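Reading the structure
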Amino acid sequence: RLAVSIGGDNYCYPEMVPDLILADDMLRNRGAATVLMGCSIEPDDLARDEGMVRDLKEHRLITARESITKGALLEAGVDPGRLKLLPDPAFAMETVRVDLPEGFSEGGTVGINVSPLIEKYRSGDGSVLDAFSGLVKHLIDTTDMQIAFIPHVVWPTSDDRKPLMKLQEKYADTGRTILVEDAPAPVLKGYIARCRFFVGARTHSTIAAYSSGVPTLVAGYSVKSRGIAADIFGDAKGMVLPSSSLDESTLIGAFDDLMSREKEIKKLLDDKAPELARGARENASVIADILRELI
């Protein structure tokens, strides 16, 4: 028996960890080997949560999706033979291209994704939405690009369309902005792939952009954003902005810097995309190897 958990950042939420441990223990008690795939875990959480570390050590295999998590897991004592560094499986997701909505200029649009979740991690004055609103105004005033607000998660408890609709309502009269409707992830990736630039909060929206060669700025709140960017660019500085303290001037400055480095960043992403996709598909290969061992 083999049980595979889609890791993501589940272990970054303290309220979820006890249930994750309970589920893993139940599965192992029933004779299943457990695999944690594509995870990101905060190093500080590993340092202070012995129960989490015990649970993680008992997985047959963990694939970490970025180097910060891998290093922290090794530091916590996870067996190196049970740990692999592989890109997030989403780097291998297909791209589906449908007709673009009216007002979306292929190669001439800035895609923007805002998550209501990032406000939870806000510690400074103002809001993340205020910072994004300032960026939109800056783009309208200083460029000829269109702006597409692109949702990526539409759960009832965490719906990207709510903050994005506020931005659309504020700037709709300019004729420069559109709100993209929800769609399957490969279709959303098809929209993102036809942007010139992308600024996003949801990790998998930014992975869609990275894997499509679109220069991308991330409003991040956890290790996953920093780690993924650092593995791609060598350093997350300037590529990931902490949402906890994000303000309008910082966001605008970082975007202007992204524009100035457009060709350099696009070439790096285009060069790395095939390697990242191959690595992402290896998540399935290593799990298949374990399954063959168990049969």
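The structure under discussion appears in the preceding block.
Just so you know, these numbers come straight off a predicted model, no measurement behind them.

**Quick word on the overall build of the protein**
Summing up its helical and strand segments, the protein has eleven helices and twelve strands in all. Over its C-alpha trace the protein gives a radius of gyration of 20 Å, about what one expects of a compact globule, namely 19 Å for 295 residues. Each principal axis of the C-alpha atoms in the protein carries an extent, and together these give about 60 × 40 × 35 Å. For the protein, the residues scored as buried account for 54% of the 295 residues in total. For the protein, contacts bridging at least 24 residues in sequence account for 70% of all contacts bridging at least 6. Element-wise, carbon and sulfur atoms account for 51% of the exposed surface of the protein, whose accessible area totals about 13,400 Å². With 35 positive and 45 negative side-chain charges, the protein shows a separation of 4 Å between the mean positions of the two kinds.

**Some details on the packing of aromatic side chains**
Applying the stated criterion across every chain, the model contains three aromatic pairs. Relative to F233, the ring of Y210 lies with its centre 5.8 Å away and its plane at 70°, an arrangement referred to as edge-to-face. Here the residue Y210 occupies a position in helix α8 (residues 203-210), and F233 occupies one in helix α9 (residues 223-233), the gap between them amounting to 23 residues. Taken as a pair, Y210 and F233 share a single burial class, namely buried.

**Brief notes about the sheet that holds strand β9 (residues 177-179)**
Taken together, six strands build an open sheet; the order of strands is β9-β6-β5-β10-β11-β12 and the sheet is parallel. Strands at the two margins of the open sheet, each flanked by one partner only, are β9 and β12 (240-242). Pairwise comparison of adjacent strand axes, ignoring direction, gives a mean angle of 15° for this sheet. Direction of pairing for strand β11 (residues 216-220) relative to β12: parallel, over a ladder of three bridges.

**Re the nonpolar core**
Residues I112, F132, Y210, L251 and F255 are the most contacted members of the largest nonpolar core, which totals 50 residues. Here the element with the most residues in this core is helix α5 (residues 128-142); it accounts for eight residues. Residues V17, L20, M52 and A72 belong to the second largest nonpolar core, which totals 17 residues.

**Quick word on the sheet that holds strand β3 (residues 61-64)**
Backbone hydrogen bonds hold the strands of a sheet together, and the pairing may be parallel or antiparallel. If you walk across this open sheet you meet the four strands as β1-β2-β3-β4, and the pairing is parallel. Every interior strand has two partners, whereas the edge strands, β1 (2-8) and β4 (83-85), have only one. Across the sheet, the mean angle from the axis of one strand to that of its neighbour is 15°, orientation sign disregarded. Pairing between strand β2 (residues 33-39) and β3: four bridges, direction parallel. Residue L36 lies in a different strand from β3, and its bridge partner there is I62. Lying on the sheet, helix α4 (residues 67-75) is in contact with β2, β3 and β4; it crosses β4 at an angle near 160°.

**Here's the deal with the environment of L179**
Relative to the helices and strands, L179 is located in strand β9. For the pair formed by L179 and L251, sequence separation is 72 residues and the distance between their alpha carbons is 21 Å. When neighbours within four sequence positions are excluded, L179 is seen to be in contact with F149, L164, M165 and Q168.

**Concerning helix α10 (residues 248-260)**
One turn of the α-helix equals 3.6 residues, which is why residues spaced by three or four share an orientation. Taking 1.5 Å as the rise per residue, α10 with 13 residues should run 18 Å; its terminal C-alpha atoms sit 18 Å apart, in good agreement. L251, I252, A254, F255 and L258 are the residues of α10 that are buried. Buried residues along α10 cover an arc of 165° about the axis, so they all sit on one side. For α10, exposure combined with an orientation more than 90 degrees from the buried face picks out S249 and S260. Contact partners of the buried residues in α10: β5 (109-112), α5, β10 (197-200), β11, β12 and α11 (262-294).

The rules behind the values
- Residues numbered from 1 in each chain as written.
- Predicted model: local features only at pLDDT ≥ 70, side-chain atom pairs only at ≥ 80, totals over all residues.
- Heavy atoms only, no water.
- Helix = DSSP H or I, 4+ residues; strand = E, 2+ residues; numbered from the N terminus.
- Rg over C-alpha atoms; globule rule 2.2 N^0.38 Å.
- Buried < 20%, exposed > 50% of the residue type's maximum accessible area, 1.4 Å probe, protein only.
- Contact = heavy atoms within 4.5 Å.
- Areas by Shrake-Rupley, 256 points an atom, 1.4 Å probe, with all protein chains shown as cover.
- Lys, Arg positive; Asp, Glu negative; His and termini not counted.
- Charge placed at Lys NZ, Arg CZ, Asp CG, Glu CD.
- Phe/Tyr/Trp six-rings, centres within 6.5 Å; stacked < 30°, edge-to-face > 60°.
- Pairing = 2+ DSSP bridges.
- Axes fitted to C-alpha atoms, helices over the stretch in contact; angles between N-to-C directions.
- Core = buried A, V, L, I, M, F, W, Y, C linked by side-chain atoms within 4.5 Å.
- Expected span 1.5 Å × (residues − 1).
- Arc of directions from axis to C-beta.

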